[in-house]
Structures are given as structure tokens and as C-alpha cells.
Amino acid sequence: MKQILVIAEIFAGQIRPITWELVTAARKIKNSPGLKQLSPTIQIIVPADNPALLSEKIAKQTGIDVIGLQIPELKNYTSEIYIYCLEQLIKKIDPSHVLAAHTSQGQDFAPGLALGLNAVAISGVNGIRSDENGLIYSRPVFNNTRNQMLRPASNRPVTLTLMPGTFKPDERKDGEPGRVDIRKIPFAPAVCGKEHIQHCRTVKKIFEDQTLEEAKVIIAAGRGIKEKEELKSILKFAQCFPTAAVGASRPLVDMNWLGYQHQIGITGATVAPKLYIACGISGSSQHLAGIKDAEFVVSINKNPQAPIFRHSDVCIIADIIEFIGTFLKKQEI
Amino acid sequence: MKILVCIKQVGSEGEVNRFDAHALEEALDLKDRFETQLSESVTVDVVTVGPVEAARIIKRAFGMGADTGYHIVAEDPEYVSPFVTATRLASAAKKRPYDLILTGIMSTDMMTGQTGPMLAKIMGLPCATAVIKTNLPTNDNLIEVERELENGFRDCLKIRMPAVLTIQAGINTPRYPRLSKMLAAGQKEIKTFKETDIFPEPIEEREIYIGLALPEKTRSGRVLEGSLPDKAEQLLALLKEKDLI
């Protein structure tokens, strides 16, 4: 009987909600036509220095059995500790699948873990389906404009990192909680008794203001803006609305055209306005994940292939500067 | 100190993957800082795996200031397993005792983000992904870096070299190649290897490529038709109707 393993995402002693999405995906794999008759079981691995409480919480929430992976040295996440200890644990289980989050943490340790397990490694999975030959995984490619479909080439274990927001968490289960099994695997650095990666501290960039998170209307600029000067046009557009905040996609902030407090996406602010207008934003996965709770999304982009159009309520194919100019004239009338 | 930067050619115009350009800039910037502050010489080498034409991104890297270029020539089908790429890169990375191996956080075409951390694992080196800041290495071979997490968080790490770092955009602004260096680059030799010479047996692909599809729609995506003024008018009406303007 094969196991489907889920690696819970723990950050600063807390369970990250993506963990529940991973469980949904694990259930989907378990119930897929090819695997169903093998009746695989799901287990959730919870790595922590003291995993008992977190494990119980997860077992209660999901009704699934949990392995609390106790690593006394794990005060803070490092890829070195994760890969070393998870590899030891998972090798003994010999699972069919290992699921982790496609987050800064999952992307950091999963590829190394996959090689350690001699596994197939598919990252950024945003869809799972099956045909007569088994499971097919899709993942974004070419700046998010296409999905690539892959399947494992052999019977090796498959490690997947799943794109946040792809699989909806299942409803909370009232039934029996899963069992919790605590297993201790100390981290023993191989060379000269010293670890290679030492976590010094975690810092947070402070937002200068919180306007984006609370804004009802957000006008956001992307790379369709070719010069810093053109941002004036975006500001004028924003002034058409009673209270609108100006946002930006990551590249503009990377170029220092706008401050970090304007950045929208997983690495910036996650927003939920009534109206979101994406001005010349193509729509990277990390940006789209940051706006998925917006009520109404309007996108203006001159490229009809821009990925953001597939995630918009209203699409306007036009040059952003020309469009704003025309819109301002119309509004004056 | 010796630094290796792994770069990839992407896109229809065959440009350097933009994250790799940030990785190369960071290597050159470390070299500048190192040589100014510690007056110790630093070499920056680059390596790429790709078709014959990919040699041009090595020339561009010379123009930016790279010292030696390795080109593993491989004509590949549409899909190459990141494991295969990492195995090929490892063959070049083992040529000299590199203290640091840098690459982009991912390529803009395949977007796996796996090549760097897999290369580290093959070579038995520590790895940090999404690096957004580097400090100069200290005498005890530790380099302090910051890696980017979600929602404005960053982890500060001290990593024992040799190590692999994957570089996130926003860490720097890549320099333009200098004409004088580009001209000098013409004289520089690219060390070219045939994939089949290094790996007589093909490396086993771990995934089978099925094809491409359009991403699923998550919203209705109503397209406004007509001339520019028509579109502007329709949007204005729509926003008024929803009481948003």
C-alpha cells in the first residue's frame, strides 16, 4: 500500500493555510482512477522542534493521520535541516507522492529533497487530472501565458510543489481526528560537526502605510508603463475615483519607480478591493495570487495574450497610456 | 575567490534569462566589492547549456565582465527535465573549485525554479533560493545573505561556502555590456563541450512532456469591443452602473 505524503507548511510556529490546500490535492490524487484501487493512504508530516500541538491541531482539522517530525535543532526553517531530516523519514516510507507548497519555503527545499529521494520533481503545479495512462500535472510556463502538461516517466516517487490558491481547502471535518505519531530525527550535520546554513533572524519590511490592504479601489501599474514619467498618467486615472490607491506589479518596484508599499502580489500586499484595475500588467502567478480576492477586476493591456485577461471580469485591449487619455476626456464630458 | 554563474538563453530573440542577468550582476558586484575592500582577486565564470547560438549570451557576459565562459552544447527537444540540466551544469561546476555558484531564481520560459537547488544537491552543497541581498564573505568562509519570503518577510542566513545561491529580481540593476569589453570578448575563447562527449549515455528524463494548453479562466473575461473611445465609454458606464466612480 502506497502512501501520499503531505508536508505541512509551518512558518514561525504557525500552520500556513496552504497546508489545507495540499490536503485537498492529496485527496484528489488518492481518488484518481489509477490509484483508487490501490487504496493509498494520506499522511501529513509536520516538521517542528516540538511538533505535538501542531500535529494534533492538523489531525483534528483534517481527520488524517499525522507524523510529527520532531527535529530538536529546528528552531527556524533552513533547507539543510529540512532536506536532511525529511529525506531520512521519507526514504523509509517509500511513498508514491510527496506534496509540498510552491512557496518560498517549498521551492527552497523540495527540489533537493526530490533528488535525495531519487524522485520525479514537478514544481508549481496548478492542475491535476488523469487519463488512461495515469495522472497528468499542469504547471505555468512562458511567463504564465501557457500551461505545460507533464507526467512521470517512471514509477519513481513523485514530488510536487503546488501553486497556492489552486486547490480549495476541504470543509472542516467533524469526525474522528487522525492519529498522531511523533518521530524524532535529530539533525546531524555531516561535515566538521557544523551546519552549513545558519538562520540568523527573520525581518519584515514595514509598509509605510496600509492603504493598499484597505483600499476600495486600486489602480495598479505594470510593465506596460515604459517610462517613469508615464506614471503620472496612472495617478491622473486614480484621481477619477473618490478614493483610490495606486498599486504596482513587482518589476516597477524592483526598478524603484514606486516604493515597496505599492507592491501587489505574494511578495508584496495581498489585496481585496471592490475594484481592481490592472494597467499594463501581464499577470505573473505571484501577482494574480495577490488579487484573487478582488471583487471586480478590469484589465487594460495591449497584448491580447496577456495572462491577466484570463483572470479578469472586463478586458480592454489597448495601449494603457492612450486608453487613459481617452478615458479622461470622456469623463470630463 | 571563484564564482560561477549559470545562465540560460530564453525567448524568441535569444536573450539572457532576466533572473540570470541579475545573478551575473550580483557576481560582478561581489567581485567589485571584494577587490575594493579586501584587495583579493575574484574570477567570475559563466556556464550555459544550450544550442550553438547560445554562445552569444556568453559573449554578452564577457562584455559585462565575465572571465571564462563554458558552453555545453545541447540541442534539446521542447522539454528538458531540470534534473538533466542540473546534472549537465554540475559537470562544468566541478571543473574548478568554485566558492560560489549563482543562478537566477528561475527561467522565464520553463519557470521551474529547480535547477539551482538541484545543482546544489548533486554537488552536496548548501543552497539558498530567492536571495535578495548578499554581504561580503567573511574570513571563515561564511557569506551572509537575505532570502525573500512572502508578505515582506526576509530570512537572514549565514551560509558556509562553497554554496549555491539563486538570485531574485530586485537585488540589483544589471549593467550594460561595455563596448571595449565586448571587443575584447571577441578574443576570448569560449570553452565548448559537446553534451554527448561529457555524457556518452543520455541522462534519463524524469518527466514526460505531453504538451501545452491555455491556462484556465477564473473570471468571465468580457472583452470590450469597438474603437478606443467606445471602449472608454463602455468602461465608464460600467463603473457608474456599479457605483464605483
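Here the structure is shown first, and the text comes after it.
Note that the structure is a prediction, hence the values are computed from the model and not measured.

## Thoughts on the pairing of strand E1 (residues 2–6) of chain B
Residues and elements named next belong to chain B.
Right, so step 1: Among the 5 residues of E1, 4 are classified as buried, and the element is accordingly described as predominantly covered.
Right, so step 2: Sheet topology places E1 next to strand E4 (residues 43–50); 5 bridges connect them, and they run parallel. Its bridge partner being in E4, Ile3 is matched across the sheet by Val44.
Right, so step 3: The sheet contact formed by E1 and strand E6 (residues 100–104) spans 4 bridges and is parallel. Looking at E6, one finds that Ile3 is bridged to Leu100.

## Quick notes on the environment of Val141 of chain A
Right, so step 1: With respect to the element layout, Val141 of chain A can be found in strand E9 (residues 134–141).
Right, so step 2: The class for Val141 of chain A is buried, based on a relative accessible area of 0%.
Right, so step 3: Distance from Val141 of chain A to Gly124 of chain A, taken between C-alpha atoms, is 9.5 Å for residues 17 residues apart in sequence.
Right, so step 4: Excluding its chain neighbours within four sequence positions, the residues that come into contact with Val141 of chain A are Arg146, Asn147 and Gln148 of chain A together with Asp109, Met110, Met111 and Leu212 of chain B.

## Things to note about the interface of chain B and chain A
Right, so step 1: Contacts between the two partners involve 70 residues from chain B and, on the opposite side, 90 residues from chain A.
Right, so step 2: Roughly 7,400 Å² is buried in total at the junction of chain B and chain A, and carbon and sulfur atoms are behind 58% of that figure.
Right, so step 3: The largest contributions to the chain B side of the interface with chain A come from Glu150, Arg206 and Arg219 of chain B, which together make up 11% of the buried area.
Right, so step 4: One can count 8 salt bridges joining chain B with chain A.
Right, so step 5: One salt bridge in this structure joins Arg156 of chain A and Glu204 of chain B, with 2.7 Å as the shortest N-O distance.
Right, so step 6: Connecting chain B to chain A are 48 residue pairs in polar contact (both at pLDDT 80 or more).
Right, so step 7: Mapped by element, the contributors of at least two residues to the side of chain B that touches chain A are helix H4 (115–123), strand E7 (127–134), strand E8 (142–148), strand E9 (153–160), strand E12 (207–213), strand E13 (222–223) and helix H7 (228–241) of chain B.
Right, so step 8: In terms of residue count, the dominant contributor to the side of chain B that touches chain A is H7 of chain B (9 residues).
Right, so step 9: Tallied by class, residues from the side of chain B that touches chain A come to 35 nonpolar, 13 polar and 22 charged.
Right, so step 10: Here strand E18 (residues 314–317) of chain A pairs with E13 of chain B via 2 bridges, running parallel.

## Some thoughts on the packing of helix H7 (residues 231–239) of chain A against helix H10 (residues 320–332) of chain A
Residue and element names in this part refer to chain A.
Right, so step 1: At a closest axis distance of 10 Å, the pairing of H7 and H10 adopts a crossing angle of 35°. Crossing hand, H7 versus H10: left-handed. Across from Ser233, Ile234, Lys236 and Phe237 in H7, the residues of H10 making contact are Ile320, Ile321, Ile324, Phe327 and Leu328.
Right, so step 2: Among the residues making up the contact of H7 with H10, the classes are represented as 7 nonpolar, 1 polar and 1 charged.

## Thoughts on the sheet that holds strand E17 (residues 296–301) of chain A
Right, so step 1: Overall, parallel pairing links the 6 strands, which are arranged E15(A)-E14(A)-E16(A)-E17(A)-E18(A)-E13(B) in an open sheet. Each having just a single partner strand, strand E15 (244–248) of chain A together with E13 of chain B make up the two edges of the open sheet.

## Focus on the pairing of E9 of chain B
Right, so step 1: Most of E9 of chain B is tucked away: 6 of the 8 residues are buried.
Right, so step 2: Note that strand E13 (residues 197–204) of chain A and E9 of chain B share 7 bridges and pair antiparallel. Across the sheet, the residue bridging to Arg201 of chain A is Cys156 of chain B, located in E9 of chain B.
Right, so step 3: Both E8 of chain B and E9 of chain B contribute to a ladder of 7 bridges, which runs antiparallel. Bridge pairing in E9 of chain B places Val145 of chain B opposite Leu157 of chain B.

About the criteria used
Residues numbered from 1 in each chain as written. Chains lettered and ligands numbered in written order. Predicted model: local features only at pLDDT ≥ 70, side-chain atom pairs only at ≥ 80, totals over all residues. Heavy atoms only, no water. Buried < 20%, exposed > 50% of the residue type's maximum accessible area, 1.4 Å probe, protein only. Helix = DSSP H or I, 4+ residues; strand = E, 2+ residues; numbered from the N terminus. Pairing = 2+ DSSP bridges. Contact = heavy atoms within 4.5 Å. Buried area = accessible area lost by both parts, 1.4 Å probe. Salt bridge = Lys/Arg side-chain N within 4 Å of Asp/Glu carboxyl O. Polar contact = N/O pair within 3.5 Å; in protein donor to acceptor, adjacent residues only side chain to side chain. Nonpolar A, V, L, I, M, F, W, Y, C, P; charged D, E, K, R; others polar. Axes fitted to C-alpha atoms, helices over the stretch in contact; angles between N-to-C directions. Left-handed = near helix turned anticlockwise from the far one by under 90°.

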